[in-house]
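As a plain string of letters, each chain reads:
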Amino acid sequence: MTDTSSAIVQRIWNYCNVLRDDGVSYGDYLEQLTYLLFLKMDDERASVGLPTKIPAAYNWQSLKALEGDELDKHYREILASLGGEVGIIGVIFRKAQNRIQD
């Protein structure tokens, strides 16, 4: 594993520890991390010119500038909207919900 990969894995585990300490179940935070990683990976691909099937209104960049309630609201909108997409994106996000509560 490269240094970059190790750093990413460590960062993810740190987030998992925070969520677990806040009483979020393993299944719930794993599901949310999967959705977020998918969006981030799509952003990485798009940054090198590869095609994306994520609409701009719901991509990783649309999350970056938001905080607090606005971020939570937009993230829930992303999950619902992408779940309604046709094709593989709709399949991946079908029935997606943010189960992490304040």
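Everything here concerns the structure above.
Counting from 1, residues in each chain are numbered in the order their sequence is written. Per-residue local features of the predicted model are confined to residues with pLDDT of at least 70, and side-chain atom pairs are confined, for both listing and counting, to 80 or more; whole-chain, interface and lining totals are unaffected and use all residues. Think of the side-chain values as coming from all heavy atoms in the structure, minus any hydrogens and water.

Moving on to the overall build of the chain. A tally of helices and strands in the chain yields five helices and zero strands. Numbering of helices and strands runs from the N terminus, with a helix taken as a DSSP run of H or I at least four residues long and a strand as a DSSP run of E at least two residues long. The order of helices and strands in the chain, counted from the N terminus, is α-α-α-α-α. Radius of gyration here is computed from C-alpha atoms only, and the compact-globule reference equals 2.2 Å multiplied by the residue count raised to the power 0.38. Whereas a compact globule of 102 residues would reach a radius of gyration of roughly 13 Å, the chain reaches 14 Å, a difference of no more than 12%. For the chain, the spread of C-alpha atoms along the three principal axes comes to 35 × 35 × 25 Å. When accessible area is computed with a 1.4 Å probe and restricted to protein chains, residues below 20% of their type maximum are described as buried, those above 50% as exposed, and intermediate ones as partly exposed. Counting over 102 residues, the chain shows a buried share of 25%.

All right, on to the packing of aromatic side chains then. For this analysis, a ring pair means two rings from Phe, Tyr or Trp (six-membered ring only for Trp) whose centres lie within 6.5 Å, classed as stacked if their planes differ by under 30 degrees, edge-to-face if by over 60, and tilted for the remaining angles. For the structure on display, the rule yields two aromatic pairs. For the ring pair Tyr-35 and Phe-93, a centre distance of 5.2 Å and an interplane angle of 25° mean the geometry is stacked. Highlighted residues: Tyr-35 in helix H2 (residues 26-47) and Phe-93 in helix H5 (residues 88-93), separated in sequence by 58 residues. For Phe-93, a relative accessible area of 1% corresponds to the buried category. Here a set of aromatic residues connected by ring pairs shows up, and it is made of Tyr-35, Phe-38 and Phe-93.

Below, the discussion takes up the side chain of Asn-59. Examined against the element boundaries, Asn-59 turns out to sit in the loop between H2 and helix H3 (60-64). The class for Asn-59 is buried, based on a relative accessible area of 18%. Two N or O atoms count as a polar contact when they lie within 3.5 Å, although within protein this holds only if one can serve as hydrogen donor and the other as acceptor, and sequence-adjacent residues are included solely when both atoms are side-chain atoms. Within polar-contact distance, the side chain of Asn-59 engages the backbone nitrogen of Gln-61 at 3.1 Å. In this description, contact between two residues means that some pair of their heavy atoms is separated by no more than 4.5 Å. Apart from the residues within four sequence positions on either side, Asn-59 is in contact with Ile-54 and Ile-78.

Mapped onto the fold, Gln-32 is located in helix H2. Of the polar contacts made by the side chain of Gln-32, one reaches the backbone oxygen of Gln-97; its length is 2.7 Å.

Its identity as a non-glycine residue notwithstanding, Lys-95 has a phi of 65°, on the positive side. In this structure Lys-95 comes out as exposed when scored by relative accessible area, which is 72%.

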